[in-house]
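# Chain and residue survey
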Amino acid sequence: MHVVAVMTIYSIVIAIFKDLPDISGDAIHGIRTIGIQLGVKTAFSLCVFLLFLAQTWGAVHGFHSGSILRSSVLITSHVLGVVFVLTKAFKVDLLSSASLHAYYMFIWKVIYFPLLSSY
């Protein structure tokens, strides 16, 4: 259940965030993305909050994951995920497509890091 919930949150973040770097093109063509409807700052903040929630949930779940080694790896990887998500979020220039795109690509690393480190 934990993995399904966290991956659902990640999927929502990816769906919202993938449109943020090209918001000007979407606006020109009349495409009503969440970024256009809420604004880049609000959509970005929502995504960062959801990533924080998913990483925190993963860290809490680590306490109940069985072996001490597995718990330690899950907790550490998710806590690092929280730190990286928040640290990099403060450095994003919301007016720069390149900066938004770089953070979008970073999200994929954050998603897979705990998954790969736990096996």
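Residues numbered from 1 in each chain as written. Predicted model: local features only at pLDDT ≥ 70, side-chain atom pairs only at ≥ 80, totals over all residues. Heavy atoms only, no water.

## Quick look at the overall build of the chain
Using the following cut-off: By definition, any uninterrupted DSSP run of H or I lasting at least four residues is a helix, any uninterrupted run of E lasting at least two residues is a strand, and each is numbered from the N terminus. A simple rule labels every residue: compare its accessible area, found with a 1.4 Å probe on the protein chains alone, to the largest value its type can have, and call it buried under 20%, exposed over 50%, or partly exposed in between. Contacts are assigned to residue pairs that have any heavy atoms within 4.5 Å of one another.
Within the chain one finds six helices and zero strands. C-alpha extents for the chain along the principal axes are approximately 55 × 25 × 20 Å. By residue count, 41% of the 119 residues in the chain fall in the buried class. If you take every contact in the chain between residues at least 6 apart in sequence, the share linking residues at least 24 apart comes to 65%.

## Focus on the nonpolar core
The line we're drawing: Remark: nonpolar core denotes a set of buried residues (Ala, Val, Leu, Ile, Met, Phe, Trp, Tyr, Cys) joined through side-chain atoms within 4.5 Å.
Core analysis: the largest hydrophobic core is formed by 27 residues, its most contacted members being Phe-17, Phe-44, Tyr-103 and Ile-107. In terms of residue count, helix α4 (residues 40–62) provides more of this core than any other element does, eight residues in total. For Phe-44, the residues in contact, after removing those within four places along its chain, are Phe-17, Leu-20, Ala-89, Val-92, Leu-94, Leu-100 and Tyr-103.

## Focus: the environment of Phe-44
Structurally, Phe-44 can be placed in helix α4. Separated by 50 residues in sequence, Phe-44 and Leu-94 have C-alpha atoms that sit 8.2 Å apart.

## What to know about the confidence of the model for the chain
Keep this limit in mind: One number per residue, pLDDT, summarises how confident the predictor is, and it ranges from 0 to 100.
With 94% of its residues at a pLDDT of at least 70, the chain reaches an overall mean of 87. At the low end of the mean pLDDT range in the chain sits helix α6 (residues 97–117), at 84; at the high end sits helix α3 (residues 34–38), at 92.

## Comments concerning the environment of Ile-9
Along the chain, Ile-9 falls in helix α1 (residues 2–17). By relative accessible area, which is 9% here, Ile-9 ends up buried. Taking the C-alpha atoms as reference points, Ile-9 and Gln-55, separated by 46 residues in sequence, lie 9.9 Å from one another. With sequence-adjacent residues up to four places away left out, Ile-9 is seen in contact with Leu-50, Leu-53, Ala-54 and Trp-57.

## A look at the packing of α1 against α4
The axes of two packed helices give the description: the angle between them and the distance between them. So the rule is basically this: Axis definition: a line fit to C-alpha positions, over the contact stretch in the case of helices; interaxial angles, taken between N-to-C directions, run 0 to 180 degrees. These descriptions rest on fixed angle ranges, namely under 35 degrees for roughly parallel, over 145 for roughly antiparallel, 65 to 115 for roughly perpendicular, and the rest for oblique. Each crossing gets its hand from how the near helix is turned against the far one by less than a right angle, where anticlockwise is left-handed and clockwise is right-handed. The residue classification treats Ala, Val, Leu, Ile, Met, Phe, Trp, Tyr, Cys and Pro as nonpolar and Asp, Glu, Lys and Arg as charged. All others, Gly included, are polar.
The N-to-C vectors of α1 and α4 enclose an angle of 165°; their axes lie 9 Å apart at closest approach. Here α4 runs roughly antiparallel to α1, going by the angle between their axes. As α1 packs across α4, the resulting crossing turns out to be left-handed. The segment α1 lies against α4, with His-2, Ala-5, Val-6, Ile-9, Tyr-10, Ile-12, Val-13, Ile-16 and Phe-17 engaging Ala-43, Phe-44, Leu-46, Cys-47, Leu-50, Leu-51, Leu-53, Ala-54, Gln-55, Trp-57, Gly-58 and His-61. Of the residues assigned to the contact of α1 with α4, the class counts are 17 nonpolar, four polar and no charged.

## Some words on α4
Let me state the cut-off plainly: The span you would expect from a helix comes to 1.5 Å times its residue count less one.
The end-to-end C-alpha distance of α4, which contains 23 residues, comes to 33 Å, matching closely the 33 Å that a straight helix rising 1.5 Å per residue would cover. Among the residues making up α4, those that are buried are Val-40, Ala-43, Phe-44, Cys-47, Val-48, Leu-50, Leu-51, Ala-54, Gln-55, Gly-58, Ala-59 and Gly-62.

## As for the packing of aromatic side chains
The condition is simple: The criterion for an aromatic pair is that two Phe, Tyr or Trp rings (for Trp, the six-membered ring) have centres within 6.5 Å, with stacked assigned to planes under 30 degrees apart, edge-to-face to planes over 60 apart and tilted to the rest. Criterion for a charge above a ring: Lys NZ or Arg CZ within 6 Å of the ring centre, and within 35 degrees of the ring normal.
This structure, assessed with the given rule, holds six aromatic pairs. Measuring from ring centre to ring centre gives 5.6 Å for Phe-17 and Tyr-103, while their planes differ by 45°; the resulting arrangement is tilted. With Phe-17 in helix α1 and Tyr-103 in helix α6, the pair connects residues that are 86 residues apart, well separated along the chain. When its relative accessible area of 0% is taken as the criterion, Phe-17 is described as buried. The class of Tyr-103 is buried, set by a relative accessible area of 2%. Note on Tyr-104 and Trp-108: the rings are 6.4 Å apart at their centroids and 90° apart in plane angle, and the pair reads as edge-to-face. Placement of both Tyr-104 and Trp-108 in helix α6 is noted, with a separation of four residues, approximately one turn of the helix. Through a chain of ring-to-ring contacts, three or more aromatic side chains come together here, namely Phe-17, Phe-44, Tyr-103, Tyr-104, Phe-106 and Trp-108. Across the ring face of Phe-106, the terminal group of Lys-88 is positioned such that the distance to the ring centre comes to 5.3 Å.

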